[in-house]
Amino acid sequence: DAMVIQNPRYQVTQFGKPVTLSCSQTLNHNVMYWYQQKSSQAPKLLFHYYDKDFNNEADTPDNFQSRRPNTSFCFLDIRSPGLGDAAMYLCATSREVWVITEAFFGQGTRLTVV
Amino acid sequence: GDSVTQMEGPVTLSEEAFLTINCTYTATGYPSLFWYVQYPGEGLQLLLKATKADDKGSNKGFEATYRKETTSFHLEKGSVQVSDSAVYFCALTPLDTGRRALTFGSGTRLQVQP
């Protein structure tokens, strides 16, 4: 059974129209991550939550926001998507943040901007 | 900053051939090293890991040895199968800095032909 679930698998949005991607987990892990993966590139960390504490990467554009209303759910909000934001977005979890023994990934959401 | 470099793909092999995918890293401190695999249409899954120098991670016939002197973590398998066709990501996470999230290489696509 899937432990990290991302919805939807495919999302098409219009240029400039806000879009929200969702992630849920059944592992009860403390940490949830959002990565952006463009074609043939390494996944790039956007931000992570340790419990309710939000940690933004220094080079993550302000256009990207995140919410974690409870342990199980985490959302990625893109306020005004541009063509350059088309990518695969990966959600991941881990039990703790100071020692990562394993991270669990969802199947990803492929975002297309038209 | 931390980085991971992988050999470019795709790597195309015949079934039962020997596989090597090279991975080298740059990191401050002493990272833990991982190989993740992404099968078509699925999320990333942990394949194997090593947390200190000279450790060998192994799983499903794949092996990788943490070589501190060459800062490498090459992935090997003695006899590949068609079902091994996937994208393989080398990754690290440092233990003695504030950053705990995974840093990935750009991935290497493996295609195994019958």
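All of the points below concern the structure found in this document. Each chain has its residues counted from 1, following the order in which its sequence is written. Following the order in which they are written, the chains are lettered starting with A and the ligands numbered starting with 1. Side-chain atom pairs in this predicted model are given and counted only at pLDDT of 80 or more, local residue features only at pLDDT of at least 70, and totals for whole chains, interfaces and linings cover all residues. Only heavy atoms go into the side-chain values, all of them from the structure, while hydrogens and water stay out.

Across a sheet, paired strands are connected by hydrogen bonds in the backbone, their directions being either parallel or antiparallel. All names here are of chain B. In this scheme, strands are said to pair when DSSP sees at least two bridges between them. To qualify as a helix, a DSSP run of H or I must reach at least 4 residues; to qualify as a strand, a run of E must reach at least 2; elements of each kind are numbered from the N terminus. Spatially, 3-9-8-7 is the arrangement adopted by the four strands of the open sheet, whose pairing is antiparallel. Edge positions in the open sheet fall to strand 3 (19-21) and strand 7 (56-59), since each of these has one partner strand only. Strand-to-strand twist of the sheet, defined as the mean angle between neighbouring strand axes without regard to direction, takes the value 15°. Note that strand 3 and strand 9 (residues 75-77) share three bridges and pair antiparallel. Across the sheet, residue Ile21 finds its bridge partner in strand 9, namely Leu75. All axes are obtained by fitting lines to C-alpha atoms, using only the stretch in contact for helices, and the reported angles, taken between N-to-C directions, cover 0 to 180 degrees.

This paragraph deals with the interface of chain A and chain B. Any two residues whose heavy atoms approach within 4.5 Å are treated as being in contact. At the junction of the two partners, chain A supplies 20 residues and chain B supplies 19 residues. One side-chain nitrogen of Lys or Arg within 4 Å of one carboxyl oxygen of Asp or Glu is enough to make a salt bridge. If you look at where chain A meets chain B, you find zero salt bridges. Throughout this description, a polar contact denotes any pair of N or O atoms lying within 3.5 Å of each other; where both atoms belong to protein, one of them has to be capable of donating a hydrogen while the other can accept it, and for residues adjacent in sequence the pair is counted only when both atoms sit in side chains. At the boundary of chain A with chain B, the tally comes to two residue pairs in polar contact (both at pLDDT 80 or more). Tallying contributions element by element places strand 4 (residues 31-37) of chain A first for the side of chain A that touches chain B, with three residues.

With that settled, the discussion passes to the pattern of salt bridges. All names here are of chain B. What the rule picks out here adds up to five salt bridges over all chains. A salt bridge links Lys56 to Glu63, with the nearest nitrogen and oxygen atoms 3.6 Å apart. The salt bridge involving Asp84 is made with Lys77; its shortest N-O contact spans 2.8 Å. When sorted by exposure, Asp84 lands in the same class as Lys77, which is buried. Only protein chains enter the accessibility calculation, which uses a 1.4 Å probe; a residue is then buried when its area is under 20% of its type maximum, exposed when over 50%, and partly exposed in between.

With that out of the way, let us pick up unusual backbone geometry. Between A:Asn7 and A:Pro8 the backbone carries a cis peptide bond, its omega angle lying at -10°. Along the chain, the position of A:Pro8 falls in the loop between strand 1 (4-7) and strand 2 (10-13). The peptide bond linking B:Gly9 to B:Pro10 adopts the cis configuration, its omega dihedral lying at 0°. Tracing the chain through its elements places B:Pro10 in the loop between strand 1 (3-6) and strand 2 (11-14). The phi dihedral of B:Glu16 is positive, around 80°, even though this residue is not glycine. Along the chain, the position of B:Glu16 falls in the loop between strand 2 and strand 3.

Here we come to the packing of aromatic side chains. Note on aromatic contacts: the rings of Phe and Tyr and the six-membered ring of Trp form a pair at centre separations within 6.5 Å, being stacked when their planes are under 30 degrees apart, edge-to-face when over 60 apart, and tilted otherwise. Considering all chains together, one arrives at 14 aromatic pairs over all chains under this definition. With a centroid separation of 6.1 Å and 35° between ring planes, the pair formed by A:Phe64 and A:Tyr89 is classed as tilted. Highlighted residues: A:Phe64 in strand 7 (residues 64-67) and A:Tyr89 in strand 9 (residues 87-94), separated in sequence by 25 residues. This pair shows no difference in class: A:Phe64 is buried, exactly as A:Tyr89 is. Connected via pairs of aromatic rings, a cluster forms that spans A:Tyr33, A:Tyr35, A:Phe105, B:Phe34, B:Tyr36, B:Phe89 and B:Phe104.

As a further point, take the sheet that holds strand 1 of chain A. All names here are of chain A. Reading across the sheet, the four strands line up as 1-3-8-7 and stay open at both edges, with antiparallel pairing between neighbours. Both outer strands of the open sheet, strand 1 and strand 7, are each paired with one neighbouring strand and no more. Going from strand to strand, the sheet's axes swing by 20° on average, the running direction of each strand aside. Strand direction decides the pairing type here: strand 1 and strand 3 (residues 19-25), joined by four bridges, are antiparallel.

In short, geometric facts, not functional conclusions.
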